[in-house]
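Descriptive structure summary
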Amino acid sequence: MSNEVDAGDYGPMKRLSTMFSTLQDKFHRDRSDRDLTLPQPTAPALAVTSFFEYLVVVSLGKKRGQGTYEPQITYQFPKLANMELSQREEEEKSLKAILLFCFPEGVNWAPLTEYPSETFSFVLTEVDGSRKNGYCRRLLPHGKGARAPEAYCIISRVACFGLFSKIFDEVEKRRQISMAMIYPFMQSLREAPFPAPGNTVKIKSFIPESGTEIISLTRPLDSWLEHVDFRTLFHCLTNEEVLKVFASTVLERRIIFMAEELSTLSQVLHAVAALLYPFTWQHTFISIVPSVLIDVVMAPTPYLLGVQRSKLDDVTDQSDAADGSYPVTLMLIVDLTEGAERTFITCIGDESTILPEKLQEELLQALCCRRDNSTSEELNKVVSEAFLSFFVKTVGHFSSHVKGSSGRQPGVFQKKSFCKASEHKASQHFVKRFIQTQMFDIFIQEVERRPTQEGFFHKKIAEYQESKKKEKAMRGERACGVNVGIFRQNEQLICHMLLKTTGIDQQ
């Protein structure tokens, strides 16, 4: 029996649609509130000119007539009243989703005296498929005695986790003085232009008793890695375990990551998605699944989900409660908890054989080059280049198999010739499976439309092909040198035999 999961094999799509309608009824009070949908394939990125769209503070307030707490927005900048009507209506829908993602646990909160702050992120998907990034820092506000945690959430088109972590440091510092101190800082940030990759923008901000401060915000040079920090991924998993996760992700399977810390979940999921570059995960991606959305694990289609470890029973119960068409045994559940008894709670069993063996060994060797004390930028470079090299060697020859492109006419990708042309025979089996994925299909469609693209991936392909040419030339020179040596040896032997035959060598 094949272990490959094909979404076309599953029939109950109508029931899945009904399930999501039921879910929406749980947290929407009227028909117009319909935008807490699952992320869909990304639309073309919009030009980003500012750091963020708005900031909200989500506090836990007591429900009327009850002793329990629920999240509610207590501060927003800029105010909805300052937005245009159409934008205001859309943002009102998003704000309801933000409440769920800032406090996704669905537990009965109570005032606390100690609570470690943590920073995490999530994604909101628009109706047109475009995505907004939500950055959240949850902490215990300054004060005495027991008090409820609160969350600061910034919504932005920008995907740059490190940059917003630094912004949160400044917001938190001002919050300890007064909520009013947040406004001028965020106003200065909103007016500042979003820097190009590698550039820095300086923000002036006044703080009582400290005076005017200059805050420097630098955007990473590698813009496609600016939302990623691989340290958490490699802290939670060994190199071999990362390769198994990567192999499952490349084949677009259903994968659930479990950890208690929200920051761990969001950082690991974004890191795993980044391993796919230059390809993009095209299916459901929820870095932190709110409790009311736990039924999403029943979806028969591919997904990357982050679920808190305390919900493990809910995950397995939901999956096994299905009609058997897509049981828990056909997904990968990864436990990121430190000291976990087993990392893979469930798996299909073929994860270690999906990638070509030789390339697996090369990946492991490359990953071993990272240093324990390396900076985030150094680690990102080692890891990203290792996995990028994998794609260069397996599918980097794609451009030679796009035929018939001229002028306005798109090219046509030749699948059969592409697969047969794999550099190593052992890679052909993997390539045949990989070209069936949606991420490869979307990638190659863009290549067919614009066959003369230039980018980092194309640059690496050119470098690799050039190195192969030089290597081949050197082998030819070495072979030629060996042949000349053999010829000279044979020539000397023949001369010696002639001399010996004529007796000249004895005179």
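Rules used throughout
- Residues numbered from 1 in each chain as written.
- Predicted model: local features only at pLDDT ≥ 70, side-chain atom pairs only at ≥ 80, totals over all residues.
- Heavy atoms only, no water.
- Helix = DSSP H or I, 4+ residues; strand = E, 2+ residues; numbered from the N terminus.
- Expected span 1.5 Å × (residues − 1).
- Buried < 20%, exposed > 50% of the residue type's maximum accessible area, 1.4 Å probe, protein only.
- Pairing = 2+ DSSP bridges.
- Axes fitted to C-alpha atoms, helices over the stretch in contact; angles between N-to-C directions.
- Parallel < 35°, antiparallel > 145°, perpendicular 65-115°, else oblique.
- Left-handed = near helix turned anticlockwise from the far one by under 90°.
- Contact = heavy atoms within 4.5 Å.
- Nonpolar A, V, L, I, M, F, W, Y, C, P; charged D, E, K, R; others polar.
- Salt bridge = Lys/Arg side-chain N within 4 Å of Asp/Glu carboxyl O.

- In the annotation of an unreviewed UniProt entry, the entry for the chain reads DENN/MADD domain containing 2Db, and the organism field reads Oncorhynchus kisutch.

**Points about helix α7 (residues 262–274)**
- The terminal C-alpha atoms of α7 lie 19 Å apart, and with 13 residues this matches the ideal 18 Å at 1.5 Å per residue to within 8%.
- Among the 13 residues of α7, 13 are classified as buried, and the element is accordingly described as predominantly covered.

**Re the sheet that holds strand β2 (residues 69–77)**
- Across the sheet, 5 strands lie side by side as β2-β1-β5-β4-β3; this open sheet has antiparallel pairing. Taken across any chain shown, the strands that pair with only one partner, and hence form the sheet edges, are β2 and β3 (118–125). Averaged over all pairs of adjacent strands, the angle between their axes in this sheet comes to 25°, without regard to strand direction.
- Examined bridge by bridge, strand β1 (residues 54–62) and strand β5 (residues 150–156) share 6 bridges and lie antiparallel to one another. Residue pairing across strands places V57 opposite Y152, the latter belonging to β5.

**Topic: the packing of helix α6 (residues 239–250) against helix α10 (residues 376–395)**
- Axis separation between α6 and α10 bottoms out at 13 Å; the angle between their running directions is 45°. Taken together, the axes of α6 and α10 lie oblique to each other. When the axes of α6 and α10 are compared, the crossing they make is right-handed. Listed contacts from α10 to V242, L243, F246 and V250 of α6 are F387, F390 and F391.
- Its residues placed into classes, the contact of α6 with α10 shows 7 nonpolar, no polar and no charged.

**Topic: the sheet that holds strand β8 (residues 254–259)**
- Strand order in this open sheet of 5 strands is β9-β10-β8-β11-β12, and the pairing throughout is mixed. Every interior strand has two partners, whereas the edge strands, β9 (284–286) and β12 (344–346), have only one. The average angle at which neighbouring strand axes cross in this sheet is 25°, direction not considered.
- Relative to strand β10 (residues 303–308), β8 runs parallel, the two sharing 6 bridges. Each residue of the ladder has a partner; that of R254, found in β10, is Y303.
- Strand contacts of α6: β8, β10, β11 (332–335) and β12, with the helix running at about 140° to β8, the strand carrying the most contacts.

**Observations regarding the pattern of salt bridges**
- Here the structure, examined in full by the defined rule, presents 22 salt bridges.
- Across the pair K132 and E53 runs a salt bridge, and its minimum N-O distance is 2.9 Å. Taken together, the residues K132 in strand β4 (residues 131–139) and E53 in the loop between α1 (13–27) and β1 connect sequence positions 79 residues apart. The burial state of K132 is the same as that of E53; both residues are buried.
- Of the charged contacts in the structure, one is a salt bridge between D169 and R137, with a shortest N-O distance of 2.7 Å.

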